[in-house]
Amino acid sequence: MRSMTRYFLPVLIVFMIVAGSCSGRKNKAEHKDIIPDKDLISILTDVHLADGLLSLPSINDRFSWSDTLSPYIDIIEGHGYTKPQMDRTMRYYFIKKPKKLLKIYDKVLGGISEIESRVDKEYLKVVGEGQNIWPGKSFYSYPGNPGEDLTWFDFPVSYAQIYSLKFTLTMYPDDLSVNPRLGLFFSHPDTAGNEKKISISTLPYLKDGQPHTYKIILHQKLPPPVRLTGWFINQEETAPDKEKHFRVEDIILSF
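Parameters and conventions
- Residues numbered from 1 in each chain as written.
- Predicted model: local features only at pLDDT ≥ 70, side-chain atom pairs only at ≥ 80, totals over all residues.
- Heavy atoms only, no water.
- Salt bridge = Lys/Arg side-chain N within 4 Å of Asp/Glu carboxyl O.
- Helix = DSSP H or I, 4+ residues; strand = E, 2+ residues; numbered from the N terminus.
- Buried < 20%, exposed > 50% of the residue type's maximum accessible area, 1.4 Å probe, protein only.
- Phe/Tyr/Trp six-rings, centres within 6.5 Å; stacked < 30°, edge-to-face > 60°.
- Lys NZ or Arg CZ within 6 Å of the ring centre and 35° of its normal.
- Pairing = 2+ DSSP bridges.
- Arc of directions from axis to C-beta.
- Axes fitted to C-alpha atoms, helices over the stretch in contact; angles between N-to-C directions.
- Core = buried A, V, L, I, M, F, W, Y, C linked by side-chain atoms within 4.5 Å.
- Contact = heavy atoms within 4.5 Å.

(A) Geometry of the pattern of salt bridges. Scanning the model with the defined rule gives five salt bridges in all. Close ionic contact of Asp87 with Lys83 constitutes a salt bridge, the shortest N to O distance being 2.7 Å. Here Asp87 and its partner Lys83 are both found in helix 5 (residues 83-96), four residues apart, which amounts to about one turn of the helix. Taking the relative accessible area as the measure of exposure, Asp87 reaches 9% and is therefore buried. Given a relative accessible area of 21%, Lys83 falls into the partly exposed group. Across the salt bridge formed by Arg247 and Glu249, the nearest N and O atoms sit 3.3 Å from each other. Here Glu249 falls in the partly exposed class, since its relative accessible area comes to 23%.

(B) How the structure looks around the packing of aromatic side chains. Counted by the stated rule, this structure contains 13 aromatic pairs. Judged by centre distance (5.1 Å) and plane angle (55°), the ring pair of Phe153 and Phe232 falls under tilted. Taken together, the residues Phe153 in strand 2 (residues 152-157) and Phe232 in the loop between strand 7 (226-231) and strand 8 (246-254) connect sequence positions 79 residues apart. An aromatic cluster is present here, built from Trp134, Tyr140, Phe153, Phe155, Phe167, Tyr205, Tyr214 and Phe232 joined pairwise through their rings. One Lys or Arg, Lys197, reaches over the ring of Phe185 and ends 4.9 Å from the middle of that ring. Positioned over the ring face of Phe139 is Arg247, at 4.2 Å from the centre of the ring.

(C) The arrangement of the environment of Lys38 in detail. Structurally, Lys38 can be placed in helix 2 (residues 37-53). Given a relative accessible area of 68%, Lys38 falls into the exposed group. Each C-alpha atom, one on Lys38 and one on Lys107, is 9.9 Å from the other, the two residues being 69 residues apart in sequence.

(D) Layout of the pairing of strand 8. Pairing of strand 1 (residues 140-142) with strand 8 involves three bridges; the strand directions are antiparallel. Note on strand 8: the bridge partner recorded for Tyr142 is Phe246. Bridge count between strand 3 (residues 161-171) and strand 8: seven bridges; the pairing is antiparallel. For Thr170, the partnering residue across the bridge sits in strand 8 and is Arg247.

(E) Structural context of helix 4 (residues 70-78). Within the span of helix 4, buried status applies to Pro71, Tyr72, Ile75 and Ile76. Across the axial projection of helix 4, the buried residues extend over an arc of 145°, all falling on one side. One or two positions beyond helix 4, positive phi appears at Gly80, with a value near 90°.

(F) Structural context of the sheet that holds strand 6 (residues 211-220). Across the sheet, which stays open at both edges, the four strands sit in the order 1-8-3-6 with antiparallel pairing between neighbours. Both edges of this open sheet fall to strand 1 and strand 6, since each of them pairs with a single strand only. Taking each pair of neighbouring strands and ignoring which way they run, the sheet shows an average axis angle of 20°. In this structure, strand 3 lies alongside strand 6, joined through ten bridges in antiparallel fashion. Along strand 6, the bridge assignment pairs Ser164 with Ile217.

(G) Inspection of the nonpolar core at higher detail. If you look at the biggest cluster of nonpolar residues, it comprises 29 residues, and the most contacted ones within it are Trp134, Leu165, Phe167, Leu169, Leu184, Leu218 and Phe232. Put simply, the parts of the chain that give this core at least two residues each are strand 2, strand 3, strand 4 (183-189), strand 6, strand 7 and strand 8. By residue number, the principal contributor to this core is strand 3, which donates five residues. What Leu169 contacts, discounting residues up to four positions off in sequence, is Tyr205, Gln210, Pro211, His212, Tyr214, Ile233, Phe246, Arg247 and Val248.

(H) Looking closely at the side chain of Ser164. The residue Ser164 is located in strand 3 in this model. With residues near it in sequence (within four places) discarded, Ser164 still touches Lys215, Ile216, Ile217, Ile252, Leu253 and Ser254.

Following this line, the structure appears as structure tokens:
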């Protein structure tokens with residue numbers, strides 16, 4: 001699903017921050033008329049799924065006539081709440097309970113991961129899993145040998161192909177990676193011989209010590225020769241002295 005290829009904070013959350021800052025409460029968040037956690041998780045899950053769907057041109061065109069926030073407001077009202085209630089709830093958590101809000105987002109991410117897993121299973125019933133063409137190792141783990149990055153991969157891919165990359169990742173709570181996510185690029189030389197990279201954005205990983213299965217769809221449109229390069233854990237934002245602790249396994253790359 002495309003939801004795993006986008007950042008988790010959709011435009012609705014930014015809108016709520018702005019709405020909160022423009023209110024007449026002078027940044028005083030009151031625990032009054034707050035949406036219960038269970039319903040808030042459901043709303044945020046649907047908002048994120050809608051954000052992913054609206055990124056598809058065929059669906060976005062159907063809503064081009066409406067206000068940008070209309071689909072998100074429809075979701076809130078569909079759960080039996082109003083936009084002012086959502087504004088108050090988000091303002092309350094941002095100002096008073098930011099740590100609890102992060103826990104709520106972790107639950108939303110976990111729910112989305114479960115949805116994707118169910119969709120994958122249904123999809124495989126219809127079309128089956130393609131042949132695994134992953135050329136790397138069967139698993140990657142960190143820490144590994146001193147001075148060796150065991151999570152880097154680099155291999156050639158074909159032109160004009162749609163690939164599916166699926167893997168299971170366990171990130172342990174003592175991992176100190178900053179903004180951990182898949183760091184993936186399609187790379188090829190331009191006419192001057194300089195390397196050109198196209199990055200593929202993904203969601204941050206869950207860091208709870210439990211195995212989670214991730215799957216992304218890769219559209220390769222660059223002219224040959226093209227290579228698929230990157231890390232299962234993008235460590236560019238993490239200082240070398242920060243301890244990292246994770247394991248990647250069950251890797252499947254297919255057309």
